[in-house]
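Here is how the chains run, residue by residue.
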Amino acid sequence: MIEICKLTKRRVEPTSKELPHKYEQVKVFSMSVGHGVGTVDFMECIEKIKEEDYKNIVEQCEDYAQFKLGNLTKYFEVEIFPEHAEKLIPQMPDCSLKDIFSSLKEGFIVIRKSI
């Protein structure tokens, strides 16, 4: 299964009282190991695609999109930033993934291959 994840919240204030307990634990861990002091990125899975369907999408793409999206088989994770999305959109067939890229104005999308 292929997971499409999107950055949903970029910053968490270290002193926020409104943070749910489980996210408070993530914040404490990330700050204690020195990652992004005062900031935590939250990714949310916004769609799941069958691996066969993903391969069909990639096969219908033009060169750059085949290269960028095809890297999933090699690295098991691909990051898509707005500047990548701009290049990908015209090279992709109509599909939900193209719609997701079209709505990407800030942050990024991560495509993950689950094991």
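See above for the structure.
An account of the accompanying structure is given in this report. (Residues numbered from 1 in each chain as written. Predicted model: local features only at pLDDT ≥ 70, side-chain atom pairs only at ≥ 80, totals over all residues. Heavy atoms only, no water.)

Things to note about unusual backbone geometry
Just so we agree on the cut-off: Numbering goes from the N terminus for both helices and strands, where a helix is a DSSP run of H or I of at least four residues and a strand is a run of E of at least two. With a 1.4 Å probe rolled over the protein chains alone, any residue whose accessible area is under 20% of its type maximum counts as buried; one over 50% counts as exposed, and the rest are partly exposed.
In this model, F76 sits at a positive phi of 65°, which is unusual for a non-glycine residue. Locating F76 in the fold gives a position in the loop between helix 4 (72-75) and strand 3 (77-80). By relative accessible area, F76 is classed as partly exposed at 42%.

Details of helix 3 (residues 63-70)
Note the cut-off: Arc definition: it is the arc formed by the directions from the helix axis to the C-beta atoms.
Residues of helix 3 that are buried include every one of A65, K68 and L69, and no others. All buried residues of helix 3 project into a common sector of 90° when viewed along the axis, lining one side. Opposite the buried face of helix 3, at more than 90 degrees from it, the exposed residues are D63 and F67.

Section: the nonpolar core
Rules: By nonpolar core is meant a set of buried Ala, Val, Leu, Ile, Met, Phe, Trp, Tyr and Cys residues that side-chain atoms within 4.5 Å join together. Pairs of residues are marked as contacts when any of their non-hydrogen atoms sit within 4.5 Å.
Counting residues in hydrophobic clusters, the biggest one holds 22 residues, and the most contacted among them are Y54, L69, I80, M92, F101 and I111. Mapped by element, the contributors of at least two residues to this core are strand 1 (2-9), helix 2 (51-59), helix 3, strand 3, helix 5 (82-88), helix 6 (96-102) and strand 4 (109-113). The residues contacting M92, other than those within four sequence positions of it, are I57, C61, A65, L69, L97, K98 and F101.

Section: the packing of aromatic side chains
Spelled out, the test is: When two rings of Phe, Tyr or Trp (its six-membered ring) have centres within 6.5 Å they constitute a pair, described as stacked for plane angles under 30 degrees, edge-to-face for angles over 60, and tilted for the intermediate range. Only Lys NZ and Arg CZ are tested; either one counts as a charge over a ring when it is within 6 Å of the ring centre and within 35 degrees of the ring normal.
Taken as a whole and judged by the stated rule, the model has one aromatic pair. Relative to F108, the ring of F81 lies with its centre 5.3 Å away and its plane at 40°, an arrangement referred to as tilted. With F81 in the loop between strand 3 and helix 5 and F108 in the loop between helix 6 and strand 4, this pair connects stretches of sequence that are 27 residues apart. The side chain of K87 reaches across the aromatic face of Y64, ending 5.5 Å from its centre.

So, helix 2
Every buried residue of helix 2 is accounted for by Y54, I57 and V58. Considered in projection along helix 2, the buried side chains sweep an arc of 95° and stay on one side of the axis. Exposed side of helix 2, more than 90 degrees from the buried face: E52 and E59 are the residues found there.

Some words on the environment of D94
Note the threshold: Any pair of N or O atoms that falls within 3.5 Å is considered a polar contact. Within protein, one atom must be able to donate a hydrogen and the other to accept it, and sequence-neighbouring residues count only if both atoms are side-chain atoms.
Within the secondary structure layout, D94 lies in the loop between helix 5 and helix 6. Between the C-alpha atoms of D94 and I57, which are 37 residues apart in sequence, the distance is 8.9 Å. Within the structure, the side chain of D94 is placed 3.4 Å from the side chain of K98, a separation counted as a polar contact.

Quick notes on the pattern of salt bridges
Just so we agree on the cut-off: What makes a salt bridge here is a side-chain nitrogen of Lys or Arg within 4 Å of a carboxyl oxygen of Asp or Glu, nothing more.
Taken as a whole, this structure holds four salt bridges when the rule is applied. E51 is the salt-bridge partner of K113, the closest N and O atoms lying 3.0 Å from each other. With a gap of 62 residues between them, K113 in strand 4 and E51 in helix 2 connect regions that are remote in the sequence. Taking the shortest distance from any N to any O, the salt bridge between R112 and E77 comes out at 3.1 Å. Of the two residues, R112 is situated in strand 4 and E77 in strand 3; the sequence distance between them amounts to 35 residues. Several salt bridges share partner residues, and in doing so they unite E51, K55 and K113 into one network.

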